[in-house]
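For reference, the chains in residue letters:
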Amino acid sequence: MQYTGRYCIVLLTLMLALLPAYAAEQVVRVQNTAQFRQAVRNARPGDTILLAAGEYEGGLYFENVHGEAGKPIVISAEDPRNPPVIRGGGECLHISKASYLELRALVLVGARYNGLNIDDGGQYGSPTHHIMLKDLTVRDIGPEGNCDGIKLSGITDFRVEGCTVERWGDGGQGIDMVGCHRGVIEGCTLRFVDDKGYGVQAKGGCTDIVVRRCRFEHAGARAMQIGGSTGLQFFRPPLKPGGEHAEARNITVEGCTFIGSTAAVSFVGIDGATVRFNTIYRPKRWAIRILQETRAEGFVPCRNGRFTDNLIVFRTGEWYEGGVNIGPATAPTTFTFARNWWYGEDAPERSKPALPVSEKEGVYGVNPRLRAPENGDLSVEAGSPAHRVGAHALPPQTEVR
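Each value, and the rule that gives it
- Residue numbers restart at each chain and count upward from 1, following the sequence in its written direction.
- Restriction of local features to residues with pLDDT of at least 70 applies here, the model being predicted, together with a cutoff of 80 or more for giving and counting side-chain atom pairs; totals for whole chains, interfaces and linings are based on all residues.
- The basis for every side-chain value is the complete set of non-hydrogen atoms in the structure, without hydrogens or water.
- In this text, helices come from DSSP runs of H or I with a minimum length of four residues, and strands from runs of E with a minimum of two, each type numbered from the N-terminal end.
- Only the C-alpha atoms count toward the radius of gyration. The rule for a globule is 2.2 Å times the residue count to the power 0.38.
- Categorising residues by exposure relies on relative accessible area from a 1.4 Å probe, with only protein chains included: less than 20% of the type maximum marks a residue as buried, more than 50% marks it as exposed, and the intermediate range marks it as partly exposed.
- In these tables, accessible area is a Shrake-Rupley quantity obtained with a 1.4 Å probe, and a residue counts as shielded only by the protein chains included in the view.
- Positive charges come from Lys and Arg alone, negative charges from Asp and Glu alone, with His and the N- and C-terminal ends not counted.
- Every charge is mapped onto a representative atom, which is NZ of Lys, CZ of Arg, CG of Asp or CD of Glu.
- A pair of aromatic rings is counted whenever rings of Phe, Tyr or Trp (Trp by its six-membered ring) have centres within 6.5 Å, and the orientation is called stacked for planes under 30 degrees apart, edge-to-face for over 60 and tilted otherwise.
- Throughout, the arc means that of the directions going from the helix axis to the C-beta atoms.
- Residue contacts are counted whenever heavy atoms from the two residues lie within 4.5 Å of one another.
- The definition of a polar contact used here is a pair of N or O atoms within 3.5 Å, where within protein one atom must be able to donate a hydrogen and the other to accept one, and adjacent residues in sequence count solely through side-chain atom pairs.
- Whether two strands pair depends on DSSP finding at least two bridges between them.
- Only buried residues count toward a nonpolar core, which is a set of Ala, Val, Leu, Ile, Met, Phe, Trp, Tyr and Cys residues joined through side-chain atoms within 4.5 Å.
- By definition here, a salt bridge exists when the distance from a side-chain nitrogen of Lys or Arg to a carboxyl oxygen of Asp or Glu is within 4 Å.

K.L.:
I'd like to hear about the overall build of the chain, residue by residue, with values.
P.N.:
Of the regular secondary structure elements, the chain holds two helices and 35 strands. Relative to its length of 401 residues, the chain is compact, with a C-alpha radius of gyration of 24 Å against a globular reference of 21 Å. For the chain, the spread of C-alpha atoms along the principal axes amounts to about 95 × 50 × 45 Å. Taken over 401 residues, the chain has a buried fraction of 56%. Total accessible area on the chain stands at roughly 17100 Å², and carbon and sulfur atoms take up 50% of it. For the chain, the distance from the average site of its 44 positive side-chain charges to the average site of its 44 negative ones is 2 Å.

K.L.:
How would you summarise the packing of aromatic side chains if you had to cite specific residues and measurements?
P.N.:
All told, the structure shown has 10 aromatic pairs when counted by the stated rule. Measuring from ring centre to ring centre gives 5.6 Å for Phe36 and Phe62, while their planes differ by 65°; the resulting arrangement is edge-to-face. Of this pair, Phe36 sits in helix α2 (residues 33-42) while Phe62 sits in strand β4 (residues 60-66), and the two are 26 residues apart along the sequence. Judged by its relative accessible area of 5%, Phe62 falls in the buried class. The interplanar angle of 85° and the centroid separation of 5.1 Å between the aromatic rings of Phe267 and Phe335 together place this pair among those described as edge-to-face. You can see Phe267 sitting in strand β24 (residues 263-268) and its partner Phe335 sitting in the loop between β30 (324-326) and β31 (336-338), a full 68 residues away along the chain. Both residues of the pair, Phe267 and Phe335, belong to the buried class.

K.L.:
Give me α2: which residues, what numbers.
P.N.:
For α2, the set of buried residues is Thr33, Phe36, Ala39 and Val40. Seen from one end, α2 has its buried residues packed into an arc of 125°, which puts them on one side. Opposite the packed face of α2, turned more than 90 degrees from it, sit the exposed residues Ala34 and Arg41. In the core, the buried residues of α2 are packed alongside β1 (27-30), β2 (48-51), β3 (55-57), β4, β5 (73-77) and β6 (85-87). In this structure Asn32 caps α2, since a side-chain oxygen of it lies 3.2 Å from the backbone nitrogen of Ala34.

K.L.:
Tell me about the pairing of strand β25 (residues 271-276), and name the residues and values.
P.N.:
Counting buried positions along β25 yields six of six residues, so the element is predominantly enclosed. In the sheet, β25 pairs with strand β28 (residues 303-308) via five bridges, with the strands oriented parallel. By the bridge assignment for β28, Thr274 is matched with Arg306.

K.L.:
Please provide a residue-by-residue account of the nonpolar core, values included.
P.N.:
Counting residues in each nonpolar core, the largest one holds 83 residues, and the members touching the most others are Phe36, Leu103, Leu133, Phe216 and Phe267. Among the elements that take part in this core, strand β7 (residues 91-104) stands out by supplying six residues, more than any other. Apart from residues lying up to four places away in sequence, Phe36 is in contact with Val30, Ile49, Leu51, Tyr56, Leu60, Phe62, Ile75 and Ile86. Judged by nonpolar contacts, the second largest core, of 11 residues, contains Ile259, Val313, Leu370 and Leu378.

K.L.:
How would you sum up the pattern of salt bridges? Please name residues and give values.
P.N.:
Counting across every chain of the model gives 30 salt bridges. Residue Arg215 is joined to Glu217 by a salt bridge in which the shortest nitrogen-to-oxygen separation is 2.6 Å. Under the relative-accessibility criterion, Arg215 is labelled partly exposed at 24%. The partner of Arg371 in a salt bridge is Asp377, and the shortest N-O contact between them spans 4.0 Å.

K.L.:
Tell me about the sheet that holds strand β11 (residues 137-139), and please be specific about residues and values.
P.N.:
The 12 strands are arranged β3-β6-β8-β11-β14-β17-β20-β23-β26-β29-β32-β33 in an open sheet whose pairing can be described as parallel. Whereas interior strands pair on both sides, the edge strands pair on one side only; in this sheet they are β3 and β33 (363-364). Where β11 lies against strand β14 (residues 164-166), three bridges are found, and the strand directions are parallel. Looking at β14, one finds that Arg139 is bridged to Glu166.

K.L.:
An account of the side chain of Arg236 is requested, with residue identities and associated values reported.
P.N.:
Note on placement: Arg236 falls in the loop between β21 (222-227) and β22 (248-254). You can call Arg236 buried: its relative accessible area is 9%. Residues in contact with Arg236, not counting those within four places in the same chain, are Asp120, Tyr124, Ser153, Gly154, Val178, Gly179, His181, Gly204 and Gly205.

Purely spatial values, then, with no claim about function.
In structure tokens:
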């Protein structure tokens, strides 16, 4: 009996020690805003919160939402085919100081300022990290001013996949990143109007960001803004005196499709970025802009961009400055251009762009034979001479030249 008693005590002790781990991994179903608030406040690593279909009040704010590696907190539609709608408020949803968090299949609509805002709570030494945003829909934000569809500030190790962002503020961005690092935006769609706001922006010290296989449909005046203009106090990590500063470094844009916009891609105050294997169709003024907007002490001139293996189809009547706008205080001769395919569909003989340096193996004035651009299909026909360039040609990463 003495052995049995000790055995039971040991077994009970082990069970009690393991109980919090088991208790934490639960599925919580909610049907209204109050239940949703309570579920997030009580969430522990491994929990899944499922939102029933219907409308939830915007203006939601949560902080210190922390999962663990291998045990993220998941907030998702109960039925992705009939997703819940979070409507209105200054921001539909604002999450601050979080880690190992996933948001899936939610619809965010009609906020006055930002649809979804995720940040580090101003704690620049403790970034929010390991965030997954998947299959979200964000629309009708603002509509006036610097209002973003998805705003990310001080985030590291994140993914944004399969999201659709439409109609954000006329001075804002579809997806805005400030001081973000080691992130991937993939398979997303951004829709707006050609001359309002920007599509995706990475600035404020962003590094190691990949934007891959996204579709930009008239996604603002600058569809893809690499860099930008940031108040010096908002850089993450903070700027160090005596250092060389840039708005962004090591940003890659690949396999994307751009339709319209005043400019498809803008390099603004960056130090190193690669734009490759993209299809750009009928930008309203320029395919590329090279600009310098932040000119404080220590900031390098916009430099070291690579623009390769892209397919650009345009109308020469809509083309300004040979399709490339170069602003003052930049270093355009540090840029590399190679193997791009340029086609002015209304005047093929005028297809060659005004690049700041010579291009290696560029092709000019040859019809790429797009499949059905009038229907939004910008892939190329079988046997197209341009089958090796453009979004359709993005190879596995180990094969990229």
